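Each chain is listed here by its residues.
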Amino acid sequence: MKEGFLITFEGGEGCGKSTQIKKFARFLEEKGIEYLVSREPGGTEVGEQIRNILLHSKAELSSTVEFLLFSSARAVHIEKIVKPALKQGKVVILDRYYDSSYTYQGLAGDLDLNKLEEITNFAIDGAVPNLTFLLDLTYEQGMARKKENPALANLDRIELKGKTYHDKVRQGYLAIAKRFKDRIVVVDASQSIDKVFQNVIAIFEEIYK
Ligand code: TYD
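Residues numbered from 1 in each chain as written. Predicted model: local features only at pLDDT ≥ 70, side-chain atom pairs only at ≥ 80, totals over all residues. Heavy atoms only, no water.

A.B. asks: How do you make sense of the site of the ligand when you look at a structure like this?
C.D. replies: Lining the immediate surroundings of the ligand are 15 residues, of which Lys17, Arg39, Arg51, Ser101 and Gln105 lie closest. Put simply, the parts of the chain that give the shell around the ligand at least two residues each are α3 (63-87) and α4 (98-107). Broken down by element, the shell around the ligand gets its largest block of residues, four residues, from α4. Partitioned by chemical class, the residues of the shell around the ligand number three nonpolar, three polar and nine charged. (Near = heavy atom within 4 Å. Helix = DSSP H or I, 4+ residues; strand = E, 2+ residues; numbered from the N terminus. Nonpolar A, V, L, I, M, F, W, Y, C, P; charged D, E, K, R; others polar.)

A.B. asks: Looking at this model, I keep getting lost on the packing of aromatic side chains. Mind explaining?
C.D. replies: To describe a pair of aromatic rings, you give the distance between the ring centres and the angle between the ring planes. Applying the stated criterion across every chain, the model contains 14 aromatic pairs. A centroid spacing of 5.0 Å and a plane angle of 75 degrees characterise the contact between phenylalanine 5 and tyrosine 208, whose relative ring orientation is edge-to-face. Here tyrosine 208 lies in the segment after α8 (193-207) and phenylalanine 5 lies in strand β1 (residues 5-11), a separation of 203 residues in the sequence. Classification of phenylalanine 5 as buried rests on a relative accessible area of 10%. By way of ring pairs, the aromatic residues Phe5, Phe9, Phe24, Phe27, Phe133, Phe197, Phe204 and Tyr208 are connected into one cluster. A cation over an aromatic ring shows up here: lysine 23 above the ring of phenylalanine 197, its NZ or CZ 5.1 Å from the ring centre. Over the ring of phenylalanine 180 we find arginine 183; its NZ or CZ atom is 5.0 Å from the centre of that ring. (Phe/Tyr/Trp six-rings, centres within 6.5 Å; stacked < 30°, edge-to-face > 60°. Buried < 20%, exposed > 50% of the residue type's maximum accessible area, 1.4 Å probe, protein only. Lys NZ or Arg CZ within 6 Å of the ring centre and 35° of its normal.)

A.B. asks: What exactly am I supposed to notice about the sheet that holds strand β3 (residues 91-95) here?
C.D. replies: Backbone hydrogen bonds hold the strands of a sheet together, and the pairing may be parallel or antiparallel. An order of β2-β3-β1-β4-β5 is seen for the five strands of this open sheet, with the pairing classed as parallel. For this open sheet the edge positions go to β2 (35-38) and β5 (184-188), each flanked by a neighbour on one side alone. Averaged over neighbouring strand pairs, the angle between their axes works out to 20 degrees when direction is ignored. Here five bridges tie strand β4 (residues 131-136) to β5, and the two strands are oriented parallel to one another. Each residue of the ladder has a partner; that of threonine 132, found in β5, is isoleucine 184. Contacts from α3 reach β1, β2 and β3 within the one sheet, and its direction differs from that of β3 by about 145 degrees. Sheet strands in contact with helix α7 (residues 163-179) are β1, β4 and β5, and its direction is about 150 degrees off that of β4. (Pairing = 2+ DSSP bridges. Axes fitted to C-alpha atoms, helices over the stretch in contact; angles between N-to-C directions. Contact = heavy atoms within 4.5 Å.)

A.B. asks: Looking at this structure, I do not really get the packing of α3 against helix α5 (residues 113-124). What am I missing?
C.D. replies: Two measures define how a pair of helices packs: the angle their axes make with one another and the distance between the axes. Contact geometry of α3 with α5 gives a least axis separation of 8 Å together with a crossing angle of 30 degrees. Comparing the axis directions of α3 and α5 gives the class roughly parallel. Where α3 crosses over α5, the handedness of that crossing is right-handed. Residues Phe67, Leu68, Ser71, Arg74, Ala75, Ile78 and Lys83 of α3 lie in contact with α5, whose contacting residues are Leu116, Ile119, Thr120, Ala123 and Ile124. When grouped by side-chain class, the residues that make up the contact of α3 with α5 number eight nonpolar, two polar and two charged. (Parallel < 35°, antiparallel > 145°, perpendicular 65-115°, else oblique. Left-handed = near helix turned anticlockwise from the far one by under 90°.)

Such coordinate-based values are descriptive only and should not be taken to indicate function.
Here it is, written out as structure tokens:
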């Protein structure tokens, strides 16, 4: 049986992750490749409760607390959903993973990346992505897209943090891509949906054999 393959999609607000993931899933379906699309907390009850605190708490949360909450939700999701699917040989596609924490809480939230890596490695228990797509877009372009699409118009607590924070998110992502260049591929997300998708597929086909 083929071994599982873990793919993650990352990027700032409005970068088009969900659209690309939908197209990618359809592509795998047509190819007859078994897959699972998921995202933290992925339907686990504990994860849902943690996510609710993260996105809707009225209280001010420090980057440290945010990171630890995301890591807990991550650990449950990996153990209960992702690892079993990888064991069955599936391609698992995640909408955001720990690169989001490294970027949002780490580089944009001023936490020490080495410390985050240590805790993350503990939480994910070896589930490092085989391939990560970073859909790169400026904050302005992302926000303009969100305004065009009513489904994306409801901003959560993190999205409401403003331009200075989100500019740091973009720069942070690019720094993370450099640090983990063996697995992260930067895709220019300002291109058309179809162009971005062509890039994604070309990279996937080169690596997944
Ligand atoms: P999500 O619901 O996935 O929204 P989006 O449509 O932007 O992908 O993510 C919600 C917010 O949580 C988003 O602003 C990014 C943030 N986030 C972190 O700050 N750290 C993390 O580890 C993760 C997974 C998400």
